[in-house]
Amino acid sequence: MALLEIRNLHATVDDKPILNGVDLTIDAGEVHAIMGPNGSGKSTLSYVLSGRDGYEVTDGEVIYDGKDLLEMAADERAREGVFLAFQYPVEIPGVAGLTFLKTAANALRTHRGEGELDAMDFLKFVRGKAEALDINDEMLKRAVNEGFSGGEKKRMEILQMAVLEPKLAILDETDSGLDIDALKVVSDGVNALRGPERGMLLITHYQRLLDYIVPDRVHVLAHGRIVKSGDKDLALELEAKGYGEFMEAAE
Amino acid sequence: MPDGSGHMQPFLDQALADSASVPGAKVDWLADLRGRGASIYGDRGLPGRRDEYWRYTNLNALGKNDFELANGGPAVDVPALPHRAVAELASYRIVFVNGRLRPDLCVLDDMPDGVLIAGLGDMIAAAPDRLEPVLGQGLDLHEMPLAALNTAFMRDGMVLFVDAGVDVDKPVHLVSITVPGETPLMLQPRHLVVLGDAAKATLIESHIGSDEGAYFNNLVSEISIGEGAELNHYTFQEEGPAAVHIAATALNLAAAATYDGFLLQSGGLIGRVETRAILNGSDADCRLDGIYLGTGEQVLDTTTYVEHVAAGCRSRQVYKGVLDGKARGVFQGKIHVRPDAQQTDGHQLSRALLLSPRAEIDTRPELEIYADDVKCSHGATAGELDAEALFYLMSRGIPAEAARRILIEAFVGEALSEIRLSQVAEDFSAHVRNWLSANITVNTAD
Ligand SMILES: Nc1ncnc2c1ncn2[C@@H]1O[C@H](COP(=O)(O)OP(=O)(O)O)[C@@H](O)[C@H]1O
Ligand SMILES: [Mg+2]
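Residues numbered from 1 in each chain as written. Chains lettered and ligands numbered in written order. Predicted model: local features only at pLDDT ≥ 70, side-chain atom pairs only at ≥ 80, totals over all residues. Heavy atoms only, no water.

A. Here's a closer look at the packing of helix α8 (residues 387-394) of chain B against helix α9 (residues 400-416) of chain B. All names here are of chain B. Two elements in contact, α8 and α9, have axes whose closest approach is 9 Å; the angle formed by their N-to-C orientations is 130°. With respect to each other, α8 and α9 are oriented oblique. Considering the relative orientation of α8 and α9, their crossing is right-handed. For the pair α8 and α9, contact is made by Ala-389, Leu-390, Leu-393 and Met-394 and by Ala-400, Ala-403, Arg-404, Ile-406 and Leu-407, respectively. Class assignment for the residues of the contact of α8 with α9 results in eight nonpolar, no polar and one charged. (Axes fitted to C-alpha atoms, helices over the stretch in contact; angles between N-to-C directions. Helix = DSSP H or I, 4+ residues; strand = E, 2+ residues; numbered from the N terminus. Parallel < 35°, antiparallel > 145°, perpendicular 65-115°, else oblique. Left-handed = near helix turned anticlockwise from the far one by under 90°. Contact = heavy atoms within 4.5 Å. Nonpolar A, V, L, I, M, F, W, Y, C, P; charged D, E, K, R; others polar.)

Printed below as a string of C-alpha cells:
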C-alpha cells in the first residue's frame, strides 16, 4: 500500500484554480522531488496536503496511510505523521521555541500512546538533535523563529522534523536562501531521517539540492499539474534546458 | 430619581440624609469637602452618554437598583484570597470587608518609623488634622463625577503615609472583599497614599467579591508621590460577576518621582478604571500598564489621562485586552502636554485581541500637545488571533484550542514579563491561565 496517493487533485484559492489534476504516489521509504517554476502551485500543494484553511479542494482525493487525508484537520494530520517544513516559517513572538516544540512532541506522543516527556528529558532529547544541525542553546531559547535569519529558520524546521519524526515529510523549498555550508548541514539532517518507514516530498526550484539529497523520483509541476516524471536525471535535464518546454507542454 | 434637568442622580438623597451622622460630621473642612462632593455630583448626576468619557460605558443599571450603603454589617464568611503567591508574601495587609476596615484580618504589626498604614475611618476619628492638608487635594472633582459622589459618602478606606526618605520594607497589600446579601450593596471606599520625598513603597490591591449578588464599588484613590520617591502599584480587579467596579485614581508626581502601575481587570459586569496622572515636577517617570480579560456581557473600560505639566518627564502606557463572548472593551487614553513641558517623552499603546465575532473594542487615543520639543506617540490595534501562527502551531500537531491558548498567553505574557515583583507576576499569570481554562475549551486528547 502506498504511503501517499494523490488522485486527480484540484484545488482553488479564492475561487482561482491553482491545482488542476495532480496525480502522485509515494511509497514508504521513497524520496520524491517536485520541481517547477514560481507560481506553478508547489506551495499550494504542500498547504493542501497539510490542511491549511483557505484552500478548497474541488475535485480528487488524497489517501494517506490508508486514510482520507482531506477529511482530517491540520493538527490531526500532524499527529498522524504528516509534517510540512514551511517555505516561510512563521515567527511567533512570545512563544518560547522549546515550549512549543515540547507541546507538539507531547501531543504526538500522547496520540501514539506513549508517555509525555518531562522538561529535562525533552531538553536532552532536543539537544542531541540540535547539535547535528548546528543549533545552539541560545537559538533554542528564543521565541519561535523570532529574529532568525532565513537559513536559521530552515535549520529549525529540520530540527522540528527530527524531533517529531513524521511518516510523511513535505519540505517546501528548504534549500532556498541557504549558502553551501548550510545546505550541507540541512541535507545531512534530511538524509539522516531517510528510512524505510518514511516518505518524503522535496519541493524545490533548483537542481542543486538534489545533489545532496538524491531522490528516487523527480516530477515537474507546471500550471498545477504534473507534466513529467522521471528518475534523478530528469532534474539534470531540467537544469540544462530550463522549464520552457514543460510549460508549453502543460498549456 | 431625575432632577429638573432630566439626568439621574441616584444615591444623592442617601448621602445628604447621611451627612449629619457620618463620622467626622463636625469637622468643618471635612463637612465642607463632603458637601462639595455632593453638590458637584448633584449638578452633574450619574455620568452618561452626554459625558465625553462615559460614552461607551453605560451606568443606567445603577439608577434602577436600590443600593444600600455597605457598612461592614454582620460578620460574613470571607472568601480566601485567590492570589496565592501574594498571600504568602510577607506584607503589611489592610483588609476591608463590605467597605469597612476589619482589624481582625489586618497584619499591621511592627510598622517601621515613618510609615503609617491605617483605616481612613480611624484617622477621621483620631487625627483628622493629618488628613486635612491632603484629603481631596489631589483630584479635580469636576472631571470625575463619581469621585464627587465618593467624596460625599467617604468614611473608610486605607491611609498610607510614608515619610521622606523611608523605604517601606515590605509591600503593602490592600484587600477589598465584598460579600453582598439580598440587597445590592454600595461601597464608597476612599484611599489616600502619600509618599514623602525619596520614599519608596510597593502597593498591591486585590478587589474580590463573592460569586453572587450585585454591588457597586465606587472607589477613589488619591496618590501623591514626592520628589525622587517611587511607588510600584499592582492591582487585581477581580470583583464578583454582578459587580459594578468604578475606580478613579488621581496621581500626582513631583520632580523625579517614579510611578509604575500595572492593572489586571477581569471582574465585574462593568469595570471601569480611570487614572489621571499629573506630572508636576520635571524628570518624573510614569508607567501605566495593564491587561484586561472580558467574557460574557462584561464591559471593561480603561480610561487614562496623563498630563505633562513639567519638562523632561516620561510616560508610557501599554494596555492589552482579550475579549471573548459579547464582552466589550473600552480604551480611552489622552496625553496632554502643557506648553512648559518640553522634552516630554509620552507613549501609549492599546492592543486588543477579539476571540469572538461578537466581542468588541472601542478605542479612543488622544494627543493634545502645546510644547514643540516632544516625543509622543499613540497606537491602537484590534484583531483576531493570527491565522498563520495558528496554522503553524497546528501543523505541528498541537490541537486547535491549545494552539489558540498558546497564542493568547503569549499576547498577554509579553505585558506580564515586565512586572518586577515575581509573586505578583506569578499570580497574574495564574489568573490568566485560570481564565483561559474557564473560557477557552481546551481539548488535548483527540
Ligand atoms: N492565498 C492566495 N491567494 C491568491 N492567490 C494565491 C494564494 N496563494 C497562492 N496563490 C497563487 O497560486 C499560484 C501558485 O502559488 P504557489 O503555490 O505559491 O506557487 P509556488 O510555490 O510553486 O511558487 C500563484 O499564481 C499564486 O499567486
Ligand atoms: Mg512556493
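What follows continues from the structure just given.
B. Structural context of the coordination of the magnesium ion (ligand 2). Residue and element names in this part refer to chain A. Looking at the magnesium ion (ligand 2), the protein donor atoms are Ser-43 (OG) and Gln-87 (OE1), and they sit 2.1 to 2.2 Å from it. With a gap of 44 residues between them, Ser-43 in helix α1 (residues 42-50) and Gln-87 in the loop between β6 (82-85) and β7 (92-96) connect regions that are remote in the sequence. A residue is classified by how much of its surface remains accessible, and Gln-87, at 14% relative accessible area, is buried. (Donors = N, O, S within 2.8 Å, 3.2 Å for Na, K, Ca; no water. Buried < 20%, exposed > 50% of the residue type's maximum accessible area, 1.4 Å probe, protein only.)

C. Broad picture of the sheet that holds strand β9 (residues 200-209) of chain B. Residues and elements named next belong to chain B. Pairing is mixed in the open sheet, where ten strands are placed in the order β3-β2-β6-β9-β11-β13-β15-β17-β19-β21. Since the sheet does not close on itself, it has two edges, and those belong to β3 (100-101) and β21 (374-383), each with one partner. Pairing of strand β19 (residues 344-354) with β21 involves ten bridges; the strand directions are parallel. Bridge pairing in β21 links Thr-344 to Val-374. Those strands touched by α9 are β13 (258-265), β15 (285-294), β17 (314-323) and β19, and its axis lies near 160° from that of β17. The strands touched by helix α10 (residues 422-439) are β9, β11 (230-238), β13, β15 and β17; relative to β11, the strand with the most contacts, the crossing angle is about 20°. (Pairing = 2+ DSSP bridges.)

D. Examining the interface of chain B and chain A more closely. If you look at the interface, chain B gives 16 residues, while chain A gives 30 residues. Across the contact surface, chain B and chain A share two salt bridges. In this structure, the salt-bridge partner of Arg-396 of chain B is Glu-157 of chain A, at a minimum N-O distance of 2.7 Å. Along the contact surface separating chain B from chain A lie seven residue pairs in polar contact (both at pLDDT 80 or more). Counting only elements with at least two residues in the side of chain B that touches chain A, the list comes to α8 and α9 of chain B. (Salt bridge = Lys/Arg side-chain N within 4 Å of Asp/Glu carboxyl O. Polar contact = N/O pair within 3.5 Å; in protein donor to acceptor, adjacent residues only side chain to side chain.)

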